[in-house]
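Structure assessment
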Amino acid sequence: MNAILFLSHPQLPFQSNQFTLKNPKPLNSLSSNATSHFLQNPFFSSPNNNGDEDNNSQENSEATIPDKSKIRMPTAPWMKGPLLVDSDEVIDLSKPKLKEKSHISDPNKSDKSLTEKVSGRMGKKAVKKIVRSIGQLHLDNDLVPTQKNWDDTQKNWGDLGGGFLRGDVEENELGRKKRMPWEINEGKMVFRRGKKEKVVTAAELSLDKELLERLKGEAWKMRKWVKVKKLGVTQGVVDQVHSIWANNELVKLQFDLPLCRNLDRAREIVEIKTGGLVVWSWKDSLVAYRGCDYFSRRRFRKTNFRSMRTEAYNSIANQQNDDDHPVSAGLIMDRNFSNYRIDRSLYEREGDRLLDGLGPRFIDWWYPKPLPVDGDLLPEVVSGFKPPFRLCPPNVKPQLRDDELTYLRNLAQQLPVHFVLGRNSKLQGLAVAILKLWERSVIAKIAIKWGVQNTDNELMASELKAGGILLLRNKFIIILYRGKDFLTGNEANMLLESEMELQQWQLHEEDARHKAVEILNSADKTSADTSIIGTLAEYEHIQTICYNAHCTSGEAEVKKEAEKEKLKKELRTQEHKLGILNLKINKAEKELLKLNFAWKPSEQEPDQELLTEEERVCFSKMSLRMDNFLVLGRRGVFDGVIEGLHQHWKHRELVKVITMQRKPLQVVYTARFLERESGGILVSIDKLKVGHSITLYRGKNYKRPVQFGDNLLDKKKALKRSLEMQRIGSLKFFAYQREKEIADLRLKLDELEGENDEKF
């Protein structure tokens, strides 16, 4: 067994100079001096080796002679002889040797840095080390003395995988790309989220850098602002901005919901409506600059604004029959400044193409573009408006399944908003626009304006259905589906044309039949038959009878069946609720029964003191004048109440107990129970303004008991018992109401079934 010696002894003369073996030797490879020392021990010697003792002693004598070429090393405690080691095998630790810098001098080991094992996990660290080694190879002139050798190395570099580092990706025989060793065990690539590109504003493009920095510094110091409410940048806000610009070159705007969530859109609205430039934005605030030529532009606008406004009023008046709503400045600005941005996205261009021709746009839109159509500016009443003709394809039900409803809702979430609405009624113009939109899109998405008073989304949805299906409705948005039975204008016209053509052919056939009958009658000289059998009139008469019968009897029967199903459903609901109440009552009764078994009332003492009538009257008057009393709460009588009675009797003969019970029987039962449990004498029960007063006398032979109230409930259990009793009372009350409703429903259901039996 090999062992390594750790030799360090504090008493050695060369303690300051620390030495160690270059190559530590095992115990069996020590010098012969140590081995001979062990062999001198009589336990290791034998009688047969007497001849060898002289040789061993001679070797020991030779070992004791000091050799200048050897160094004496410290020995272990179990070693008795010295340990002499050659000087070239000893390392001086007092002078640490610095690591030599790695330099490739041997051309045969030039690729060692590429093939040797790399410490640490394989990944970016390994790649960096390999690339660093390649750089050293490239700079070393000994490895590639000529350009020819370097070209040969480049040719063979692909075999070692160097093409990946140069960006040359090769494919193997199967057509798959080769992968580096560290790419095999790597996980998925993680890409950081790219930063949002900064939008270059109009102020940065048109203003000088020095002027822009000055304006930003002044904007930071502004402490007064114009409040923009939920309605957006209205005409009142624009007028307020211009009044501030008359004296100052900057104005600060603070936005409320919803524009504060999209300041980029708020900046566009402010620049379009006011004509200024937004130079600074922070959280929910913007600072607008009036511009250098503000006063000249304002004079020019005053001259042209009247003509622009009259044109807008005239164009809208032609569309509306009843113009009760004034034209907003946003509509005028939208018509004159709609082409201020050319580099629009595909989503925005497609949305604008979908909404073209449906009506004026809502420029105060708080979400990104495209801008929706303003439904409040559409006509309120359209002459000759009728719901569209609908016809469901054969073998197709108009109702939507659950999966179809979910799919349509998910589809509508990705679509832009088509209309914005702020009024509840008179929406025929918007209904016509929705029908036009349904010819291009199956879904119509309508947003409700913020800040408009008395908006009712339920009333809006009922007015706007137009035969469609309501997918979603809340206080922010309404989504309508056109339905499976919706027909576009061309399809409806084709169906009407085919129906008219069928009627024409029927009339033509009827005329031909009449002519044939007249010819036959004239030839036979018989009287004309006035029967309508087999004629078109018979067919129309049959259709009329069937339609009337279906409309009269069918609708009444459907209503009765619907009423019957409604009653049955309500009956099942009430029975289910009654069953739940009965389960709760049974559970509460079990809990109350457990608590009632936990206490035992005391028995009435047979020998009780008697009070005269005069004593009762005297004690009753005294109790009414007493200020000290004991209040009986919702827990009723428990061990704490009895303890309180005896505590009162410790200092006085009478005790007054006040209870809030209203029923006389409950008050009497409580008084008798207190008398029996306390051992006192009931004097009187008096009615007070609030509750009743119970007077108890301790008696002439009163002795304070050592223990009292052991047979009663404690405070916690008494509260629990009171709660259970209250719970049972309320549950029984509601159960009685349910039973009464069930009886009424069964009576109505029997009456409906009786009417049906009489008809049949």
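Here is what the cut-offs are and how they apply
- Residues numbered from 1 in each chain as written.
- Predicted model: local features only at pLDDT ≥ 70, side-chain atom pairs only at ≥ 80, totals over all residues.
- Heavy atoms only, no water.
- Salt bridge = Lys/Arg side-chain N within 4 Å of Asp/Glu carboxyl O.
- Helix = DSSP H or I, 4+ residues; strand = E, 2+ residues; numbered from the N terminus.
- Buried < 20%, exposed > 50% of the residue type's maximum accessible area, 1.4 Å probe, protein only.
- Polar contact = N/O pair within 3.5 Å; in protein donor to acceptor, adjacent residues only side chain to side chain.
- Core = buried A, V, L, I, M, F, W, Y, C linked by side-chain atoms within 4.5 Å.
- Contact = heavy atoms within 4.5 Å.
- Pairing = 2+ DSSP bridges.
- Axes fitted to C-alpha atoms, helices over the stretch in contact; angles between N-to-C directions.
- pLDDT = per-residue confidence, 0-100.
- Parallel < 35°, antiparallel > 145°, perpendicular 65-115°, else oblique.
- Left-handed = near helix turned anticlockwise from the far one by under 90°.
- Nonpolar A, V, L, I, M, F, W, Y, C, P; charged D, E, K, R; others polar.
- Arc of directions from axis to C-beta.

Evaluation of the coordinates by the stated rule reveals 21 salt bridges. A salt bridge links Asp364 to Lys273; the nearest nitrogen and oxygen atoms lie 2.7 Å apart. Note that Asp364 is positioned in the loop between α14 (346-355) and β9 (373-374) and Lys273 in helix α11 (residues 263-274), a separation of 91 residues in sequence. Lys273 matches Asp364 in its accessibility class, with the two residues each being buried. A salt bridge links Asp376 to Lys449; the nearest nitrogen and oxygen atoms lie 2.8 Å apart.

The next subject is the environment of Arg652. Structurally, Arg652 can be placed in the loop between α21 (639-649) and β15 (654-659). What makes Arg652 partly exposed here is its relative accessible area of 27%. Here the alpha-carbon distance between Arg652 and Arg698, two residues 46 residues apart in the chain, equals 8.7 Å.

Within the fold, Arg361 resides in the loop between α14 and β9. Here Asp352 takes part through its side chain, which lies 3.0 Å from a polar atom of the side chain of Arg361. Side-chain polar atoms of Arg361 contact the backbone oxygen of Leu371, separated by 3.0 Å.

By size, the foremost hydrophobic cluster in this structure holds 27 residues, and its most contacted members are Val233, Leu253, Phe255, Leu259, Val270, Trp365 and Trp366. Sorting the residues of this core by element identifies β5 (226-228), α10 (235-245), β6 (250-255), α11 and β8 (285-289) as the ones contributing at least two each. Discounting residues that sit within four places of it in the chain, Phe255 has contacts with Val228, Val233, Cys260, Leu263, Ala266, Val270, Asp284 and Leu286. Leu358, Val373, Leu437 and Ile448 belong to the second-largest nonpolar core, a separate cluster that totals 23 residues.

Once that is clear, we can look at the sheet that holds strand β7 (residues 277-282). On the basis of which strands lie adjacent, the open sheet formed by 4 strands has the order β5-β6-β8-β7 and mixed pairing. Every other strand in the sheet has two partners, leaving β5 and β7 as the edge strands with one partner each. Across the sheet, the axes of successive neighbouring strands diverge by a mean angle of 30 degrees, strand direction being ignored. In terms of strand pairing, β7 meets β8 through 5 bridges, oriented antiparallel. Each bridged residue has a counterpart across the sheet, and for Trp282 the counterpart in β8 is Ser285. Strand contacts of helix α9 (residues 209-221): β6, β7 and β8, with the helix running at about 50 degrees to β7, the strand carrying the most contacts. Set on the sheet, α10 makes contact with β5, β6 and β8; between it and β6 the angle comes to about 150 degrees.

Averaged over all residues, the pLDDT of the chain equals 76, while 69% of them reach at least 70. Ignoring residues within four places in sequence, the model shows residues 1-66, a span with pLDDT below 50, making 59 contacts including any to other chains. Note that pLDDT drops below 50 for residues 319-340; the model gives that stretch 43 contacts with residues more than four away or on any other chain.

In this section: the packing of α21 against helix α22 (residues 664-678). When two helices pack together, their arrangement is given by the angle between the helix axes and the distance between those axes. Interaxial distance between α21 and α22 falls to 10 Å at its minimum, and their mutual angle equals 70 degrees. Taken as axis vectors, α21 and α22 run roughly perpendicular relative to one another. The handedness of the crossing between α21 and α22 is right-handed. Contact with α21, carried on its side by Val641, Ile642, Leu645, His646 and Trp649, involves Leu674, Glu677 and Ser678 of α22 and no other residues of that element. Of the residues in the contact of α21 with α22, the class split is 5 nonpolar, 2 polar and 1 charged.

This part covers α14. For the α-helix, the turn length of 3.6 residues means that residues three or four positions removed from each other point alike. Every buried residue of α14 is listed here: Glu348, Gly351, Asp352, Leu354 and Leu355. Here the buried residues of α14 occupy an arc of 160 degrees about the axis, which is enough to place them on one side. For α14, exposure combined with an orientation more than 90 degrees from the buried face picks out Leu346 and Arg353. Contact partners of the buried residues in α14: β9 and α16 (428-438). Looking at the residues trailing α14, positive phi occurs at Gly357, about 85 degrees.

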